[in-house]
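# Survey of secondary and tertiary structure
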Amino acid sequence: MDSLKRLLQLPGVVPAPSAAPSEIQAFSEASKVPLLDEVANLYRVCNGALFSEHVLRMLSLEDCLHYLDGIRDFGIPECWGYFPLVDNNDSNPWCVCSAVQLRGYVVQVNHDDSAQIKFRCLDNLFTAIHRQLEADDPFLDDVSSDFDDPARTVRDVETARMLIQAASGINEVERCDALRFAITLFSDREIDEIILLLDDRDEYVREAVVKRLRQIDTPEANRAIQQFHEAVRSFAAGCAELLGRNGIRASMHDQTKLRLDDGPVWLNVNMLFGERRGASFNTFLIERAKEMLVIKQHGKKR
């Protein structure tokens with residue numbers, strides 16, 4: 001891989017010796033993660049590398065195994081076939097995906113935040129690292145992603161649609177990731193498909209849609225954002241009215257914040273908005289409000 005070889009030639013970069021075929025085979029058996037040919041080829045060049053001392057490195061196969069254990073311990077989704085490859089010494093590895101839906105894409109997997117799709121392929125990742133090191137900045141959080149640019153490939157759009165289709169058959173965390181990745185991969189021309197996800201039940205998916213629409217920044221995108229915010233405001237006002245009719249004092253603040261005044265207790269309007277179409281939503285809201293007030297009053301008496 002030329003991009004890696006050029007990177008390894010930079011001053012201060014220290015590659016480890018190449019991995020033996022037996023080491024690669026042993027890793028494959030121990031990790032139970034499919035090893036893409038392009039990843040195996042990397043380790044035939046070097047079994048890890050130090051790009052910037054104490055800051056940035058390509059993981060050895062042994063380090064990869066430790067990271068995979070951590071991913072499983074943290075309950076991070078494994079359905080994308082994450083292979084931890086690069087680390088900024090922050091426990092947020094940059095992983096290449098081996099699953100069919102995302103094969104070859106590079107995702108930053110955060111242990112305390114949502115995963116973010118960053119690059120289309122390993123060549124683009126190593127080229128970006130090369131630029132960072134030449135600029136004397138070893139921190140990948142500062143790197144420009146492939147998807148900071150509005151241009152998308154045919155494969156990006158096809159992958160986005162494949163992820164949306166797959167989302168219906170996976171668990172909630174993986175589903176949320178699939179939809180957020182799709183939102184990133186869609187081009188501006190797929191704005192109608194992006195807007196549809198404003199109706200998703202997950203507040204973080206809706207948040208990702210609003211962020212993406214702001215990047216598109218067209219009259220259609222801005223109108224969709226405005227209509228969405230108006231829908232949330234109307235929903236919150238309706239919740240306050242429903243609670244009031246059932247003897248629970250509630251008030252609106254800053255247009256979309258909803259407070260149970262006798263607590264005071266603040267309700268998560270964004271979460272409730274995703275649940276609004278449930279057949280028993282009204283009952284759920286009233287019972288949840290009463291429960292939260294009881295908990296609050298109990299805490300005050302302690």
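Above: the structure in question.
Everything numeric here is computed off the predicted structure, so don't read it as measured data.

For any pair of aromatic rings, geometry is given as the distance between the ring centres together with the angle between the planes. Under the counting rule described, the total for this entry stands at nine aromatic pairs. A ring pair is formed by F235 and F281, whose centres lie 5.7 Å apart and whose planes are at 45°; its orientation type is tilted. Of this pair, F235 sits in helix α10 (residues 219-245) while F281 sits in helix α12 (residues 281-301), placing them 46 residues apart in sequence. Each of the two residues, F235 as well as F281, counts as buried. What links up through ring pairs into an aromatic cluster is the set F228, F235, F273, F281 and F284. Here the basic side chain of R276 rests over the ring of F273, its NZ or CZ set 3.7 Å away from the ring centre.

Moving on: the sheet that holds strand β10 (residues 265-267). Across the sheet, three strands lie side by side as β8-β9-β10; this open sheet has antiparallel pairing. With partners counted over all chains shown, the strands left at the sheet margins are β8 (250-253) and β10, one partner each. Averaged over all neighbouring strand pairs, the angle between strand axes comes to 35°, with direction disregarded. Across three bridges, the pairing between strand β9 (residues 257-260) and β10 is antiparallel. Each bridged residue has a counterpart across the sheet, and for L260 the counterpart in β10 is V265. In this fold α10 packs onto β8, β9 and β10, with an angle of close to 160° to the strand it touches most, β8.

Next up on the list: the layout of surface pockets. Considered as a void within the structure, the largest pocket measures approximately 590 Å³ in volume. In terms of lining, the largest pocket is formed by 22 residues, of which the most central are Q116, T184, A208, K211 and Q215. Mapped onto the lining of the largest pocket, the elements with two or more residues apiece are β7 (116-119), α7 (172-185) and α9 (203-216). The dominant element in the lining of the largest pocket, judged by the number of residues it contributes, is α9, at seven residues. Residues belonging to the lining of the largest pocket are distributed by class as follows: seven nonpolar, five polar and ten charged. What lines the second largest pocket is a set of 17 residues, among which D113, S114, A115, V173 and D177 lie closest to the centre. At five residues, the largest contribution of residues to the lining of the second largest pocket is made by α7. Of the residues assigned to the lining of the second largest pocket, the class counts are eight nonpolar, four polar and five charged.

Turning to α9, a few remarks are in order. For α9, built from 14 residues, the straight-helix expectation of 20 Å at 1.5 Å per residue is met to within 8% by its first-to-last C-alpha distance of 20 Å. Taken residue by residue, α9 has V205, R206, A208, V209, V210, R212, L213 and I216 as its buried positions. In the core, the buried residues of α9 are packed alongside α7, α8 (191-196), α10 and α11 (269-275). The N-cap residue of α9 is D202: its side-chain oxygen and the backbone nitrogen of Y204 are 2.7 Å apart. D217 occupies a position one or two residues after α9 and carries a positive phi of about 50°.

Moving on: the pattern of salt bridges. A pair can form between side chains of opposite charge whenever their charged atoms are brought close. Taken as a whole, this structure holds 17 salt bridges when the rule is applied. Notably, a salt bridge pairs R212 with D188, separated by 3.0 Å at the nearest N-O pair. Of the two residues, R212 is situated in helix α9 and D188 in the loop between α7 and α8; the sequence distance between them amounts to 24 residues. On the accessibility criterion, D188 (28% relative accessible area) is partly exposed. Here the salt bridges do not stand alone but share partners, grouping E172, R175, D200 and R201 into one network.

Further remarks concern the nonpolar core. Ranked by internal contacts, the top residues of the largest apolar core, which has 60 residues, are Y82, L102, F181, L213 and L243. For this core, the element with the highest residue contribution is α10, accounting for eleven residues. The contacts of L213, once residues within four sequence positions are left out, are I191, I194, I195, L198, A221, A224 and I225. Membership of the second largest hydrophobic core comes to 41 residues, among which are L10, V33, L61 and L68.

Right, let's get into the sheet that holds strand β2 (residues 49-52). Pairing is antiparallel across the open sheet formed by seven strands, whose spatial order is β1-β2-β3-β4-β5-β6-β7. A strand with exactly one partner marks an edge of an open sheet, and here the two such strands are β1 (14-15) and β7. The pairing of β2 with strand β3 (residues 56-58) spans three bridges and is classified as antiparallel. Paired with L50 across the two strands is R57, which belongs to β3.

How each quantity is defined
- Sequence order sets the numbering: in each chain, residues are counted from 1 along the sequence as written.
- For this predicted model, a pLDDT threshold of at least 70 governs which residues receive local features, and a threshold of 80 or more governs which side-chain atom pairs are given and counted, while totals over whole chains, interfaces and linings are taken from all residues.
- Hydrogens and waters are ignored; side-chain quantities use all the structure's heavy atoms.
- Classification of ring pairs uses Phe, Tyr and Trp, with its six-membered ring standing for Trp, and accepts pairs whose centres are within 6.5 Å; under 30 degrees between planes counts as stacked, over 60 as edge-to-face, and the remaining range as tilted.
- Note on conventions: DSSP H or I runs of at least 4 residues are helices, E runs of at least 2 residues are strands, and numbering of each starts at the N terminus.
- Throughout, exposure labels follow a simple rule: accessible area from a 1.4 Å probe, protein chains only, divided by the maximum for the residue type, with under 20% read as buried, over 50% as exposed, and the rest as partly exposed.
- In our convention, an over-ring charge means Lys NZ or Arg CZ found within 6 Å of a ring centre and within 35 degrees of that ring's normal.
- For two strands to be treated as a pair, DSSP must find at least two bridges joining them.
- Helix axes are fitted to C-alpha atoms over the stretch in contact, other axes to C-alpha atoms as well, and angles between N-to-C directions run from 0 to 180 degrees.
- In what follows, a contact means two residues having at least one pair of non-hydrogen atoms within 4.5 Å.
- Put simply, the grid is 1 Å and covers the protein atoms alone, a cavity is a trapped set of points that fit a 1.4 Å probe, a pocket is an open set with protein on both sides within 12 Å along at least five of seven lines, and lining residues have an atom within 4 Å of a point.
- Grid points are joined across faces, edges and corners, and a volume is the space filled by probe spheres set on the points.
- In this classification, Asp, Glu, Lys and Arg are treated as charged, Ala, Val, Leu, Ile, Met, Phe, Trp, Tyr, Cys and Pro as nonpolar, and every other residue, Gly included, as polar.
- The length a helix should cover is 1.5 Å for every residue beyond the first.
- Contacts described as polar in this section are N or O atom pairs within 3.5 Å, which, within protein, must combine one atom able to donate a hydrogen with one able to accept it, while residues neighboring in sequence count only if both atoms come from side chains.
- Any Lys or Arg side-chain nitrogen found within 4 Å of a carboxyl oxygen on Asp or Glu counts as a salt bridge.
- The nonpolar core is taken to be a set of buried Ala, Val, Leu, Ile, Met, Phe, Trp, Tyr and Cys residues, with the residues joined through side-chain atoms within 4.5 Å.

Limitation: the analysis is restricted to geometry and does not speak to function.
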